[in-house]
Amino acid sequence: YQRRVRGGKDEIKPLSLGCENWSVPPLGLTILDALDTLWIMGLDTRFKEARDWVATSLNFDSMTSISVFETTIRALGGLLSAYDLSEDRIFFERASELGRKLFKAFDTSPFSAVVAPITHIVLGGDGIGNRKTYPTTTNLAEAGTLQLEFLRLALLLGDQELAARVMVIWEKIIEKPTAVPGLFPLYMDTAGNLASGRVTLGGMGDSFYEYLMKIGLFTGGKVKRYREIYDLTVKGVIDQMIYKTQPRNYTYIAELNAPGYPNHFMEHLTCFAGGMFALGARGETASRDLHLGAEITASCREFYAQMPTGIGAEVVQLNPAPRGTEQVPNFMPDGKPFY
């Protein structure tokens, strides 16, 4: 198992001890995604092994089509995090190299009216491969979960053009009026026009909302509009998507087909929201948001604890209790933290 990780394999299969690579040659996604964890946990020997692999073996010349979204959050994000934690220049140099290649996804000049990044490119060659057409739709996560990594890289490089370009689609999304302020439909066309009424904090929508909060923090609160939109998001989630189960009173986040029309299931991916509400807890609503984050996290723990295998399901169907007259559920009614 360790040999396969050290060999730079992308995805490790813990039961079979096999592996699956997303590109040829592989990008070592397991290594890159774990760099900050290794550092934070003080696993110095393994961090040094990973650092040496990044320096000598990491190869960005693959001609395999790769996901810009996945590669940005795992590979570019991993390298930038490792640099910020360790201040080792090799991580900055490799992040700069990868970032320049990934930035080709934002060159949509051959396609008129397109502002969303290309979803798949090849890192080698011209970056476009043999594709002659551009997809007509994209989703919140693929279009709106690239900005933190590229903004951080732009800041390190002093490259204002890079920073401005990656924010074009993000600004397009957040300026659009929606049925519930702060809740954005899952799909859009590549010009940034929202094209669906479905709202979810699960797959294909989750990380957009995470970045909505984090970009406000990253900019030090200087762009007040970002925080204002995030506050609208939290209010919209509470008003439209937060429910309690019966009979056990667990808090969960439903999916929304339209205002007032929820689907009462919760994806495993939605569990990130507990941390989002806690990290974003600021100002007059800080206590409310922190308690909401704790309740969501407690529910997600139960998704694991109540399974015979101890492994949480991808999607959980939930039995909603009738909502009372209050718009905001009474989080933590006994006043005791869930832990």
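Quick summary incoming for the structure in this document.

Rules used throughout
Residues numbered from 1 in each chain as written. Predicted model: local features only at pLDDT ≥ 70, side-chain atom pairs only at ≥ 80, totals over all residues. Heavy atoms only, no water. Phe/Tyr/Trp six-rings, centres within 6.5 Å; stacked < 30°, edge-to-face > 60°. Buried < 20%, exposed > 50% of the residue type's maximum accessible area, 1.4 Å probe, protein only. Helix = DSSP H or I, 4+ residues; strand = E, 2+ residues; numbered from the N terminus. Arc of directions from axis to C-beta. Core = buried A, V, L, I, M, F, W, Y, C linked by side-chain atoms within 4.5 Å. Contact = heavy atoms within 4.5 Å. Patch = residues over 30% accessible without salt bridge, like charges linked within 9 Å, V, L, I, M, F, W, Y side chains within 5 Å. Areas by Shrake-Rupley, 256 points an atom, 1.4 Å probe, with all protein chains shown as cover. Salt bridge = Lys/Arg side-chain N within 4 Å of Asp/Glu carboxyl O. Axes fitted to C-alpha atoms, helices over the stretch in contact; angles between N-to-C directions. Parallel < 35°, antiparallel > 145°, perpendicular 65-115°, else oblique. Left-handed = near helix turned anticlockwise from the far one by under 90°. Nonpolar A, V, L, I, M, F, W, Y, C, P; charged D, E, K, R; others polar.

## Focus on the packing of aromatic side chains
Here the structure, examined in full by the defined rule, presents 12 aromatic pairs. With a centroid separation of 5.1 Å and an interplanar angle of 65 degrees, the aromatic rings of W39 and F47 are classed as edge-to-face. With relative accessibility at 36%, the residue W39 sits in the partly exposed group. With relative accessibility at 8%, the residue F47 sits in the buried group. Through successive ring pairs, a cluster of aromatic residues spans W170, F184, F208, Y209 and Y226.

## Here we look at helix α12 (residues 272–279)
For α12, the full list of buried residues reads A273, G274, M276 and F277. Angularly, the buried residues of α12 cover 165 degrees about the axis, an arc narrow enough to put them on a single face.

## Quick notes on unusual backbone geometry
The omega torsion across V24 and P25 is -5 degrees, close enough to zero to call that bond cis. Here P25 shows up in the loop between β2 (18–20) and α2 (29–40). Cis geometry is adopted by the peptide bond preceding P247, which originates at Q246 and carries an omega value of 10 degrees. In this fold, P247 is placed in the loop between β7 (242–244) and β8 (251–253).

## Things to note about the nonpolar core
Soluble, globular proteins show a tendency: their nonpolar side chains are buried together. With 87 residues, the main nonpolar core has L79, F91, F184, I253 and F277 as its most contacted residues. With eight residues, helix α4 (residues 68–86) is the largest single contributor of residues to this core. Apart from residues no more than four positions distant in its own chain, L79 is found in contact with L32, L35, V54, L58, F60, F91, R94, A95 and L98.

## Thoughts on a nonpolar patch on the surface
A cluster of nonpolar side chains, W39, I40 and L85, forms an exposed patch at the surface whose accessible area comes to about 300 Å². Positionally, L85 belongs in helix α4.

## Comments concerning the packing of α2 against α4
When two helices pack together, their arrangement is captured by the angle between the axes and the distance separating the axes. Their axes nearest at 8 Å, the elements α2 and α4 cross at an angle of 25 degrees. Our classification of the angle between α2 and α4 gives roughly parallel. The handedness of the crossing between α2 and α4 comes out as left-handed. The segment α2 lies against α4, with L29, L32, D33, L35, D36, W39 and I40 engaging R74, A75, G78, L79, S81, A82, L85 and S86. Of the residues belonging to the contact of α2 with α4, the class tally is nine nonpolar, three polar and three charged.

## Some details on the environment of G8
For G8, the position within the fold is in the loop between α1 (2–6) and β1 (11–13). The exposure class of G8 is buried, given its relative accessible area of 1%. Taking the C-alpha atoms as reference points, G8 and A50, 42 residues apart in sequence, are found 9.1 Å from one another. The contact partners of G8, leaving out residues within four places of it in the chain, are P26, L27, G28, I31 and W53.

Shape descriptors only; they carry no functional weight alone.
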